[in-house]
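Observations on the model geometry
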Amino acid sequence: MSFAFWLIAFLFLAALALTAYAGWRGAPFFPTPMRAVTAALDLADVGMADVVMDIGAGDGRVVQMAAERGARAIGFELSPFLWVAGVLRLLIVRSSGRLRFADGFRADVSSATVLFLFLMPRTMPSAVDHLVPQLKPGTRILSYAFPITEWTPARTAKPPGAATVYLY
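Read on for an overview of the structure. (Residues numbered from 1 in each chain as written. Predicted model: local features only at pLDDT ≥ 70, side-chain atom pairs only at ≥ 80, totals over all residues. Heavy atoms only, no water.)

Before going further, it helps to examine the sheet that holds strand S7 (residues 165–167). Within a beta sheet, neighbouring strands are joined by backbone hydrogen bonds and run either parallel or antiparallel to one another. Reading across from one edge, S3-S2-S1-S4-S5-S7-S6 is the order of the seven strands in this open sheet, with mixed pairing throughout. Edge positions in the open sheet fall to strand S3 (98–101) and strand S6 (155–157), since each of these has one partner strand only. The mean angle between the axes of side-by-side strands here comes to 20°, regardless of whether they run parallel or antiparallel. (Pairing = 2+ DSSP bridges. Helix = DSSP H or I, 4+ residues; strand = E, 2+ residues; numbered from the N terminus. Axes fitted to C-alpha atoms, helices over the stretch in contact; angles between N-to-C directions.)

The subject of this paragraph is helix H4 (residues 80–92). The end-to-end C-alpha distance of H4, which contains 13 residues, comes to 18 Å, matching closely the 18 Å that a straight helix rising 1.5 Å per residue would cover. Where H4 is concerned, the buried positions are Pro80, Leu82, Gly86 and Leu90. Down the axis of H4, the sector holding all buried residues measures 160°, keeping them to one side. H4 presents Leu91 and Ile92 as exposed residues on the side facing more than 90 degrees away from its buried surface. Downstream of H4 by one or two residues, arginine 94 has phi in the positive range, about 55°. (Expected span 1.5 Å × (residues − 1). Buried < 20%, exposed > 50% of the residue type's maximum accessible area, 1.4 Å probe, protein only. Arc of directions from axis to C-beta.)

Throughout the structure, instances matching the rule amount to five salt bridges. Measuring nitrogen to oxygen at the nearest pair gives 3.4 Å for the salt bridge that ties arginine 89 to aspartate 59. With arginine 89 in helix H4 and aspartate 59 in the loop between strand S1 (51–55) and helix H3 (61–68), the pair connects residues that are 30 residues apart, well separated along the chain. Its relative accessible area of 22% is what places arginine 89 among the partly exposed residues. (Salt bridge = Lys/Arg side-chain N within 4 Å of Asp/Glu carboxyl O.)

Our next topic: the pairing of strand S2 (residues 72–77). For S2, a buried count of five out of six residues is recorded, marking the element as mostly surrounded by other parts of the structure. Two strands pair when backbone bridges link them, and S1 and S2 are joined in this way by five bridges, in the parallel orientation. Paired with isoleucine 55 across the bridge in S2 is phenylalanine 76. As a crossover connection, the stretch from S1 through H3 into S2 is right-handed. As paired strands, S2 and S3 are joined by four bridges and run parallel to one another. Opposite isoleucine 74, over in S3, you have arginine 98 as the bridge partner. Handedness of the β-α-β unit built from S2, H4 and S3 comes out right-handed. (Right-handed = clockwise from strand over helix to strand, strands pointing away.)

Here's what the structure looks like:
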């Protein structure tokens, strides 16, 4: 076998391992239904003055839809496969949103006015501990499917065929 074959095989396996780590670190990939994204952005009244940051952005749909509303939208994705899919999605639709290949739990979210989270209950406390101290007062936090324990949401929405969206 050639060196190129082994290099490609190694890179593929490394990307696969990183994808598995990303799923364990935040949540496995399960796309947020579009009606839930719309409900979340409506709940937070996202508009042109907002900076929306999506932790674990997956295929970039939250970033895309926030950018379509005129917000500055940035997503953070640790899975190389999902990051590529998200970047391609944003390029195809000519979105102004950006997707960064990065661990969202270590991201600088201090400029966010809206933070979107779709994380597992076991990883939500870690995200809150790392990210919330960076946020300015008044920053809206959206959580899809799983509430932030010990917090009381300001409002919720339950779109048909989707889980609950929580606004804090």
